[in-house]
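What follows is the residue order along each chain.
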Amino acid sequence: MDNVVKLECHDVIVVITIDSPPVNALSSAVCGGILQCVKAAIADPQVKAIVLTCAGRTFIVGGDITEFDKPPKPAGWDELLASLESSPKPIVAAIHGNALGGGLELALVCHFRVATKDAKLGLPEVKLGFLPGGGGTQRLPRAVGPELAVKMIVGGDPIGAADALANGLIEEIVDSPAAGGEAFARKVLAQKRPLRGLRDDDSKIAAAKADRSIFTNSVAALTKKARGLEAPFAAAEAVGYAIDLPFDEGLKKARERSVKLVPSDQSKAQRYAFFAEREANKVAGVPEGTKGRPVNRVAILGAGTMGGGVAMSFANAGIPVTLIGTGEERLKRGMNIMQRNWEATAARGGIPADAPAKRMALINGVVGIENVGNADLVIEAVFETMAVKKEVFGKLDQFAKPGALLASNTSYLNIDEIANSTKRPQDVLGMHFFSPAHVMKLCEIVRGPRTAPDALMTAVEISSQIAKVPVVVGLCDGFVGNRMYDQGGKQAGKLLFDGALPQQVDAALTKFGMPMGPFVMGDLAGNDIGWLSRKDRGVKSEIADALCEAGRFGQKTGKGWYRYEAGSRTPIPDPEVAMLIDHTLTRLGRKRRAVSEEEIIERVMYPIINEGARILEEGIAARAGDIDVVWLYGFGWPIYRGGPMYYADQIGLDKVLAKMRELQAAVGDEFKPAALLEKLVAEGKKFADFEQPA
Ligand code: NAI
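For every chain, the first residue of the written sequence is number 1, and numbering continues from 1 onward in sequence order. Owing to the predicted nature of the model, reporting of local features is limited to residues with pLDDT of at least 70; listing and counting of side-chain atom pairs is limited to 80 or more, with chain, interface and lining totals taken over all residues. Side-chain calculation: all heavy atoms of the structure are included, whereas hydrogens and water are not.

1. Examining the nonpolar core
Inference 1: Residues belong to a common nonpolar core when they are buried Ala, Val, Leu, Ile, Met, Phe, Trp, Tyr or Cys residues joined through side-chain atoms within 4.5 Å. Accessibility here uses a 1.4 Å probe with only protein chains present; expressed as a share of the type maximum, an area under 20% marks a residue as buried, one over 50% as exposed, and anything in between as partly exposed. Judged by nonpolar contacts, the single largest core of 96 residues is most densely connected at Leu-396, Val-480, Trp-561, Met-605, Ile-627, Trp-631 and Phe-687.
Inference 2: Element by element, the count of residues in this core is highest for helix 25 (residues 597-617), at ten residues.
Inference 3: Apart from the residues within four sequence positions on either side, Trp-631 is in contact with Gly-481, Met-484, Tyr-485, Met-514, Ile-608, Gly-636, Trp-637 and Pro-644.
Inference 4: Residues Leu-52, Ala-99, Leu-104 and Ala-231 belong to the second largest nonpolar core, which totals 72 residues. Helix numbers and strand numbers start at the N terminus; a helix is a DSSP run of H or I with at least 4 residues, a strand a run of E with at least 2. It only takes one pair of heavy atoms within 4.5 Å for two residues to be counted as in contact.

2. Side note on the site of the ligand
Inference 1: To be near a molecule or strand, a residue needs just one of its heavy atoms within 4 Å of it. Taken together, 19 residues lie around the ligand, and Met-306, Arg-330, Glu-384, Lys-389 and Ser-411 are the ones closest in.
Inference 2: Whenever two N or O atoms come within 3.5 Å, that pair is a polar contact, provided that in protein one can donate a hydrogen and the other can accept it, and provided that, for residues adjacent in sequence, both atoms are side-chain atoms. At 3.3 Å from an oxygen atom of the ligand is found a main-chain nitrogen or oxygen belonging to Val-382.
Inference 3: Glu-384 is positioned such that a nitrogen or oxygen atom in its side chain is 2.5 Å from an oxygen atom of the ligand.
Inference 4: For the accessible areas, the method is Shrake-Rupley and the probe is 1.4 Å, while residue cover comes only from the protein chains on display. Expressed as a share of its isolated accessible area of 820 Å², the protein-covered part of the ligand is 77%.
Inference 5: Secondary structure elements with two or more residues in the shell around the ligand: helix 13 (305-316), helix 16 (386-399) and strand 15 (428-433).
Inference 6: Its residues assigned to classes, the shell around the ligand comprises seven nonpolar, nine polar and three charged. Under the grouping applied here, Gly and all other residues not named as nonpolar or charged are polar, the nonpolar ones being Ala, Val, Leu, Ile, Met, Phe, Trp, Tyr, Cys and Pro and the charged ones Asp, Glu, Lys and Arg.

3. What about the pattern of salt bridges?
Once their charged atoms are close, side chains differing in charge can pair, the charge on each being opposite to the other.
Inference 1: Just to be clear on terms, a salt bridge is a Lys or Arg side-chain nitrogen sitting within 4 Å of an Asp or Glu carboxyl oxygen. On inspection of all chains with the given rule, the structure shows 51 salt bridges.
Inference 2: The partner of Glu-599 in a salt bridge is Arg-593, and the shortest N-O contact between them spans 2.8 Å.
Inference 3: One continuous salt-bridge network, built from bridges that share partners, spans Asp-498, Arg-590, Arg-593, Glu-599 and Arg-603.

4. Quick word on the domain arrangement of the chain
Inference 1: Taken as a whole, the chain is organised into domain 1 (5-261), domain 2 (298-478), domain 3 (500-587) and domain 4 (597-689).
Inference 2: Segmentation into domains, and thus their bounds, comes from an automatic or database assignment. For domain 3 versus domain 4, the separation of C-alpha centres amounts to 26 Å.
Inference 3: Taken together, the nine residues of domain 3 in the interface contact 13 residues of domain 4.
Inference 4: The quantity reported as buried area is the accessible area (1.4 Å probe) lost by two parts once they are put together, taken as the sum for both. Roughly 980 Å² is buried in total at the junction of domain 3 and domain 4, and carbon and sulfur atoms are behind 76% of that figure.
Inference 5: Remark: the boundary between domain 3 and domain 4 carries one salt bridge.
Inference 6: In this structure, Glu-597 engages Lys-511 in a salt bridge whose closest nitrogen and oxygen atoms are separated by 2.9 Å.
Inference 7: Our count for the domain 3 to domain 4 interface comes out at two residue pairs in polar contact (both at pLDDT 80 or more).
Inference 8: Across the side of domain 3 that touches domain 4, the residue classes tally to six nonpolar, two polar and one charged.

5. Some details on helix 18 (residues 453-465)
Inference 1: Residue count minus one, scaled by 1.5 Å, sets the expected span of a helix. With 13 residues, helix 18 should reach 18 Å at 1.5 Å per residue; the first-to-last C-alpha distance of 18 Å fits that figure.
Inference 2: Among the residues of helix 18, those classed as buried are Ala-455, Leu-456, Met-457, Thr-458, Ala-459, Val-460, Ile-462 and Ser-463.
Inference 3: In this fold, the buried residues of helix 18 make contact with helix 13, strand 13 (377-380), strand 14 (405-408), strand 15, strand 16 (442-446) and strand 17 (469-473).

6. Quick word on the sheet that holds strand 9 (residues 172-174)
Inference 1: Spatially, 1-2-3-4-6-9 is the arrangement adopted by the six strands of the open sheet, whose pairing is mixed. Since the sheet does not close on itself, it has two edges, and those belong to strand 1 (5-10) and strand 9, each with one partner. Direction aside, the axes of adjacent strands within the sheet are offset by 25 degrees on average. Pairs of strands are assigned from DSSP output, requiring at least two bridges between the strands. Axis definition: a line fitted to C-alpha atoms, limited for helices to the stretch in contact. Angles are taken between N-to-C directions and run from 0 to 180 degrees.

7. So, the packing of helix 23 (residues 542-549) against helix 24 (residues 575-588)
Inference 1: Look at helix 23 against helix 24: their axes get within 10 Å of each other, and the N-to-C directions meet at 130 degrees. Between helix 23 and helix 24, the crossing angle belongs to the class labelled oblique. Note on packing geometry: the crossing formed by helix 23 with helix 24 is right-handed. Taken together, the residues of helix 24 that come into contact with helix 23 (itself represented by Glu-542, Ile-543, Ala-546 and Leu-547) are Val-577, Leu-580, Ile-581, Thr-584, Leu-585, Arg-587 and Leu-588. Here is the rule for angles: anything less than 35 degrees is roughly parallel, anything more than 145 is roughly antiparallel, 65 through 115 is roughly perpendicular, and the remaining ranges are oblique. Here a crossing is taken to be left-handed if its near helix is turned anticlockwise relative to the far helix by less than a right angle, and right-handed if that turn runs clockwise.

8. A word on the side chain of Thr-584
Inference 1: As for its position among the elements, Thr-584 is in helix 24.
Inference 2: Separated by 2.6 Å, the side chain of Thr-584 and the backbone oxygen of Leu-580 make a polar contact.

Rendered as structure tokens:
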């Protein structure tokens, strides 16, 4: 017997244990081993029932995704599924940890499933851009009904053991997988339970067969969020086969869809993003084994937009927060916004009805910086000026307990200079969250030259703990995300001088897959912010200035780059803005010309990519993948395009370089190609090949 699968006989019960660390992924050896054991157990007249379970920390978590560019399934997979499903002896899958993808599909061909209470069961393939190919799309709807199956297959979200029990996916919750599975198998024998596989059981889908709207409504709710993605729509169709077609026909068609999606560009990009996110957790230049400091209580300074959102993220993870404001009234306003946000989520069914009160109870709103005393981590989210930051950090030095991590949420400012106003620069770093902070998953962790390794690891660990995606970045103006974004934003503004309209630029970028164009974003954040800052710096931007001079600050004034009906946030293109642009251009002696969608994308995205190349070259980001993760989770870059650096690699860096040179000649030096871009093209390499010098 192959040593990754072991067989033990306990009188009439055979326990088959998969032991293939770290996560019991389905390899050819695992499939072959199970098949051999199952065949032996079926052939042995002494054996009356079979238990399938796993050693280590989890049940089977699916295929080995590092092998997905090779043939799609491990050898023996189909034969294994068929032999389990047709076994004349009862088979019980006994689950602990995660039963995901192929792991759950394997459990679904068993006659019975039991699980420990911490177990999670799911078919997350859609998140990697393809479909479950082992019959999961056909069997899961038969196990739990089409509505939950759609959530799990089209949405890709796993469910816990309690939900699995309530919906018939498992029979029992057990204390230990092997012993619990065996006890359950004995019960099956004693009760002489009939062996009916899911393929022959249409009871849960009968209602949807009669009234298809049960199915289509749940699909519509989920695919609404899947703009541009192929896999969720294919997944929805595959669940539809379960309802509309005989089992074997549905199985065949679902398999065909899956086989087509695995090698698709979208799936490749999604798998790339999956690995990039994991890779980003590896922090360069930190001694092996460095652990973060314990964080039991957090203090947040500033109860404004960001302070509130960050406080919510900690409370969501059950971590108590002291939220420190400048005055009772502002603090109260901040607390009220948080409460309303949670209540709205609860009303939509996103969190339990009692969650808002429980989470509010974790937040202690107070006035006065001297209250930071018992916090292990302090996050500052006050006004964005160096003078204010320095004053605040000077006081933190006085009041924060020794060893507390002192983090700033600054968007642009120099962390090291901020650290100068303390006597503990080793404890100072940036934790830059993105707005809205309770929604966006990115936390850029800005490492100063004096930040201690264990301080850095504390920020990385606590970010993950509050379900954020940490990316460690170096010190520069705007760090990775904003520094790149601003290059694109600048070009979007300049396109108006050539004749593009705001709605045209926004439409091209949202069609590309961005969640929002820069002009809709400007209206949301307030166009007056940039205007005031330009005035401060003595900088002009004639069209944007004219817009603000006309009082068009954005949503808050009902007019901006768009107009808004009272009480609505829907941007409506406004002929007055087109006129305002025309007048400004006439005044400047410029003529409008037609600007194509392709030109918009190139002029906005290529400078973003180029800035990314500079960021890599300067070592501000450790890897191209880190930059992509920043864009995926900070700005909602479409995951099916991997991230800006991956996107550039797919276009071909030679093409990007040629276009940059062309734009440099036509528009100016803001399109000057980064040295690294030139170098990689000369060497025939991609961003993905780039490694920081040791
Ligand atoms: P905000 O103006 O909404 O909130 C700032 C809050 O800080 C106000 O409530 C103010 O009363 C308070 N405050 C000022 N001085 C203080 C002091 N000495 N002690 C305690 N509280 C004080 O500003 P917002 O947008 O929340 O920005 C805060 C920080 O977060 C800034 O550094 C900003 O650059 C950064 N940031 C902002 C993002 C955004 O999209 N708004 C995104 C990422 C970072």
